[in-house]
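Spelled out, the chains give:
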Amino acid sequence: MSFLSKLTNSTNELLWPTRCIGCNVPGELLCPNCQESLTWVDQQWACLDCGAPFGWLTCSSCDHSWEELDGVICATSFMGTCAHMVTALKDEHETRLAAIIAAAMATALDEAQGWNHINLAAIDAIMFVPATHKAFVRRGFDHMELVARALSSFIDIPLVDVLVRHEAHDQRKLNKAQRAANLFGTIELINEVCAAHVLLVDDVVTTGSSMRACAKILKVAGVNQVIGCGFSRVW
Ligand SMILES: [Zn+2]
Ligand SMILES: [Zn+2]
């Protein structure tokens, strides 16, 4: 970091001190109290197929039908501070949250591994559900690339950036069937994939349609196993 950027950062810190995204107390971006009170998913009881909390045996969220994916692990439930973290990263450009979101995902993966729900040693690449070109231009960055990059360094698995996403209508206002149709053909591989076991990351998992569309393409390209990892699960 150059002296100038250090100086700018400390001046910024004086003028606009970092405040906790959860409780607004100055100091850290996510204070220890708010870290503790995130709506963590208990990995022991989470659905192995879609990551929904308490769906281990009978899941009403996916009916165990997300066959494109070989499992999904989600770190948190999408509510409160977790929801705010996602929107602050995406729409308020608080890019420092990418590392915090990645750390939460790494924590969940570690816990899931403790319950034998995943074997991280067998994963050979991390990929991310890409933003559309339009969203990339609007934000100036792909927020999931930032998260995936941070996660890659935390769990020491290489990031492989081969997926692109073409324009589709905004997924947020569509129902399940419309989402799947909307995404059909919008994901493309821009390079050869050498990985056999992929961890595919996304911020929010709702119907799983974005992840499933990416997994479908990856499987066609010869990938054996695609496990999804979301920061937050809507259920
Ligand atoms: Zn706080
Ligand atoms: Zn499920």
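Everything below is about the structure shown above.
One structure accompanies this document, and this report is about it.

Calculation rules
- Residues numbered from 1 in each chain as written.
- Chains lettered and ligands numbered in written order.
- Predicted model: local features only at pLDDT ≥ 70, side-chain atom pairs only at ≥ 80, totals over all residues.
- Heavy atoms only, no water.
- Buried < 20%, exposed > 50% of the residue type's maximum accessible area, 1.4 Å probe, protein only.
- Helix = DSSP H or I, 4+ residues; strand = E, 2+ residues; numbered from the N terminus.
- Pairing = 2+ DSSP bridges.
- Right-handed = clockwise from strand over helix to strand, strands pointing away.
- Core = buried A, V, L, I, M, F, W, Y, C linked by side-chain atoms within 4.5 Å.
- Donors = N, O, S within 2.8 Å, 3.2 Å for Na, K, Ca; no water.
- Tetrahedral: all angles 85-135°; square planar, octahedral: opposite > 155°, others 65-115°.

So, the pairing of strand E6 (residues 225-233)
- Of all the nine residues making up E6, eight are buried; the element is thus mostly covered by neighbouring parts of the structure.
- In terms of strand pairing, strand E1 (residues 72-77) meets E6 through five bridges, oriented parallel. Opposite Val72, over in E6, you have Gly228 as the bridge partner.
- Viewed along the sheet, the connection from strand E5 (residues 197-205) through helix H8 (residues 209-220) into E6 turns out right-handed.

Re the nonpolar core
- Leu151, Leu199 and Val201 are the most contacted members of the largest nonpolar core, which has 44 residues in total.
- Listing elements by their share of this core, those giving two or more residues are E1, helix H3 (80-91), helix H4 (97-114), strand E2 (125-128), helix H6 (143-155), E5 and E6.
- Broken down by element, this core gets its largest block of residues, 10 residues, from H4.
- Counting 27 residues, the second largest nonpolar core, distinct from the first, contains Met127, Val198, Val223 and Val226.

Observations concerning the coordination of the zinc ion (ligand 1)
- Around the zinc ion (ligand 1), the protein supplies Cys20 (SG), Cys23 (SG), Cys31 (SG) and Cys34 (SG) as donor atoms, at distances of 2.3 Å.
- Relative to the metal, the four donor atoms surrounding the zinc ion (ligand 1) lie at angles of 104 to 115°, and the coordination shape comes out tetrahedral.
- Motif for the zinc ion (ligand 1), donor spacing along one chain: C-x2-C-x7-C-x2-C. This pair shows no difference in class: Cys31 is buried, exactly as Cys34 is.

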